[in-house]
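Coordinates in review
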Amino acid sequence: MFSLYKKELQSYFYSAFAYIICALFLLAFSLEFANGISNIVTPKYTFSFSNIFYNNFFYFIFLIPVLTMRSFAEERKSGTETLLLSSPISIPKIVFGKFLAIATVFLLMITLSFVYPLITALLGQVYLSSLICSYIGFVSIGLLCISIGMLMSSLTDNPIIAAVTGEGAMIVLLFLDRFSQSDMIQSIPLLKSVFSIFSTQTRFNMFSIGIIRLNDLVFFFTSIAVVLAWVVIVNARRRWNRG
Amino acid sequence: MVEIKNLTKRFGTITAVNDLSFTVSDNEILGFLGPNGAGKTTTMNMITGCLPPTSGTIIVNGFDISNNPMEAKKSIGYLPEIPPLYTDMKVYEYLKFVAGIKAVPRSKRNEQIKLVMDRLKINDVSKRIIKNLSKGYKQRVGFAQALIGDPKILILDEPTVGLDPNQILEVRKLIKDLKKDHAIILCSHILQEISAVCDKALIIAKGELKALDTLKNLSDRVSSNIALTITIDGDKVKIIDIFNNTKSILDYTEITSDKPNAYAFKLELANDDARKQTIAKLISEDCSILEVQTDQANLEQVFVKLTKQPSKKRTIYDVFDDIEKNIDSDENKEA
């Protein structure tokens, strides 16, 4: 599995792929950061990293499918899937190896954003507790999005379609939050409780105000596990259907 | 050793492989022949565990591929039709990756990669990016990949596609070399290749086994008669007259001759003596023979003959046809 992980990482960093994604992410973050600073003069505005993270959430969520689109679709397109399937490596290991590699690229992306709190710390003060919690929330949501993106990639043999359906899934993920807060859903207690389970933004808000709730962590951990298991099933099933 | 019993694969209503059984023993090269869409690649994919069979068993090196896939896959090296290359990697890195996923012990990886690169003569491109290699080199890197992990069984799907004539000869020699300690299944529709390299050949068409035998037996199967191509300078009417009057000539057809004032015929003779008799008779009748060539039934004829045979298995439409015929004949009787 380590070989596969290493190969996946190589494929991200040998092409311009990972660098462009990181650059885009940093661009979005920089703009939000600059925006935050320039707003400080308004008396109502409080400059906080939680806010910047929250606004960034809407940008970076759309970067993830681009990162994951190639994971399975590309293997099928170029015929390298047969190499993996005919090698003594099980499908869960393939899926997990790929997930780890993408997660590594993602973590690197996040690590690069440490530069902003660092600049702030040099010239002002950073509340470490809330910053760390924001990062935990950010990483959790990111990993969930990665697993969803991989699922979309494993459903097709065209990376472009994988990216587009991945973006669609991200829109649904964002929409679920809005929908759960709509008056209609709020007025029906049963639906309200069901939808609030899937509301990722509310969970992120909890992290960003510095509260780590066990149920949020459990939610992210289990949903990542469920989606990855789904990816394994889709890949195993495809072998039966392939014509 | 590969043992295949009653292998069947269906995709919905289409039966791609139908009740196929064969074995390949160690130190043997089996040629796998069939027209396009005969189910060759599907069979290969099933043997290598890429595709699960609908029914039947595949035993590779003593392990059932369905029940014990990890052990079985360790003893298989597979070169698919399209070499499975990660084109943005360098050759050496790629082979190292393959060694990794094929569970080659870390200490043996470098040594084994070196050996394989020597065998396929890709040392000079080991640091180049696969994307930039020519088709022939890519094909050889794909072949190298199949040899990594020192598998007991090699499954090669058209290994010489895209190679130049010299390389083709080298690769064929390599395959023959590999025979010493491997069981090899060679899939190709280049018939010369099969006859140059293989011990046995298996012919399938429409997913069904048509023949499985040594090459010689296959050739004998098509025809025991002797075929002769003969070019004669002389009076055409007289020649045909001779042909008609010689009993041992079973059949003759005229073919176009590339020589002026000469006629060419394809003769089918009953036995060896008939050849002598015919030639002697032609000479005694003042015909000058310009060229004589004995045509041996080759693999190509076997292939054409066997793959054009109708399917043994009856479909529902055959049954309908039979019923219709029966009804027709009953009506005729009544009339």
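Bear in mind that the values here come from a model prediction, so they are computed numbers and not experimental data.

1. With respect to the overall build of chain A
- From N to C terminus, chain A includes 14 helices and 0 strands.
- Taken from the N to the C terminus, the helices and strands of chain A come in the order α-α-α-α-α-α-α-α-α-α-α-α-α-α.
- What you see for chain A is a C-alpha radius of gyration of 19 Å, in line with the 18 Å of a compact globule of 243 residues.
- In terms of its C-alpha atoms, chain A occupies a principal-axis envelope of roughly 65 × 50 × 30 Å.
- When burial is assessed residue by residue, chain A has 50% of its 243 residues classed as buried.

2. What about helix H10 (residues 159-180) of chain A?
Residue and element names in this part refer to chain A.
- Look at H10: 31 Å from first C-alpha to last across 22 residues, which is about the 32 Å you get at 1.5 Å a residue.
- Here H10 has its buried residues at Pro159, Ala162, Ala163, Gly166, Ala169, Met170, Leu173, Leu174, Asp177 and Ser180.
- With a side-chain oxygen positioned 3.0 Å from the backbone nitrogen of isoleucine 160, the residue opening H10 is asparagine 158.

3. Considerations on the pairing of strand E3 (residues 28-33) of chain B
Residue and element names in this part refer to chain B.
- Most of E3 sits out of view: 6 of its 6 residues are buried.
- Here E3 shows no split at all, with Glu28, Leu30 and Phe32 on one side and Ile29, Gly31 and Leu33 on the other all buried.
- As defined by bridge partners, E3 adjoins strand E8 (residues 183-187) across 5 bridges and the pair is classed as parallel. Of the residues in E8, the one forming a bridge with phenylalanine 32 is cysteine 187.
- Bridge analysis of E3 against strand E9 (residues 200-205) gives 4 bridges, and the strand direction is parallel. Pairing of leucine 33 across the sheet is with isoleucine 203, part of E9.

4. Quick look at the environment of aspartate 157 of chain B
Residue and element names in this part refer to chain B.
- Inspection of the secondary structure puts aspartate 157 in strand E7 (residues 153-157).
- Exposure remark for aspartate 157: the relative accessible area of 1% places this residue in the buried category.
- Sequence separation between aspartate 157 and phenylalanine 97 is 60 residues; the distance between their C-alpha atoms is 22 Å.
- The residues contacting aspartate 157, other than those within four sequence positions of it, are Thr41, Met44, Tyr78, Leu79, Pro80, Glu81 and Cys187.

5. Section: the pattern of salt bridges
Residue and element names in this part refer to chain B.
- For the coordinates displayed, the defined rule picks out 14 salt bridges over all chains.
- The residue lysine 200 makes a salt bridge to glutamate 28 at a minimum N-O spacing of 3.8 Å. Of this pair, lysine 200 sits in strand E9 while glutamate 28 sits in strand E3, placing them 172 residues apart in sequence. We note that lysine 200, like glutamate 28, is buried.
- Residues arginine 172 and glutamate 193 are paired through a salt bridge, measuring 3.4 Å at the closest nitrogen-oxygen approach.

6. Focus: empty space enclosed by the protein
Residues and elements named next belong to chain A.
- If you walk through the whole model with that rule in mind, you get 2 cavities of 30 Å³ or more.
- Taken together, Phe72, Glu75, Arg76, Glu81, Leu84, Leu85, Ile91, Ile94, Val95, Lys98, Asn235 and Arg239 make up the lining of the largest cavity.
- Secondary-structure elements contributing two or more residues to the lining of the largest cavity are helix H5 (70-78), helix H6 (81-86), helix H7 (91-112) and helix H14 (214-241).
- The element best represented in the lining of the largest cavity is H7, accounting for 4 residues.
- Here the residues of the lining of the largest cavity are counted per class, giving 6 nonpolar, 1 polar and 5 charged.

7. What to know about unusual backbone geometry
Residue and element names in this part refer to chain B.
- The phi dihedral of asparagine 6 is positive, around 50°, even though this residue is not glycine.
- Within the fold, asparagine 6 resides in strand E1 (residues 2-11).
- The residue aspartate 286 is not glycine, and still its phi comes out positive at about 70°.
- Mapped onto the elements of the fold, aspartate 286 is located in the loop between helix H10 (272-284) and strand E14 (288-295).

Parameters and conventions
Residues numbered from 1 in each chain as written. Chains lettered and ligands numbered in written order. Predicted model: local features only at pLDDT ≥ 70, side-chain atom pairs only at ≥ 80, totals over all residues. Heavy atoms only, no water. Helix = DSSP H or I, 4+ residues; strand = E, 2+ residues; numbered from the N terminus. Rg over C-alpha atoms; globule rule 2.2 N^0.38 Å. Buried < 20%, exposed > 50% of the residue type's maximum accessible area, 1.4 Å probe, protein only. Expected span 1.5 Å × (residues − 1). Polar contact = N/O pair within 3.5 Å; in protein donor to acceptor, adjacent residues only side chain to side chain. Pairing = 2+ DSSP bridges. Contact = heavy atoms within 4.5 Å. Salt bridge = Lys/Arg side-chain N within 4 Å of Asp/Glu carboxyl O. 1 Å grid on protein atoms, 1.4 Å probe; cavity = no way out; pocket = protein on both sides within 12 Å on 5 of 7 lines; lining within 4 Å. Points joined across faces, edges and corners; volume = space filled by probe spheres on them. Nonpolar A, V, L, I, M, F, W, Y, C, P; charged D, E, K, R; others polar.

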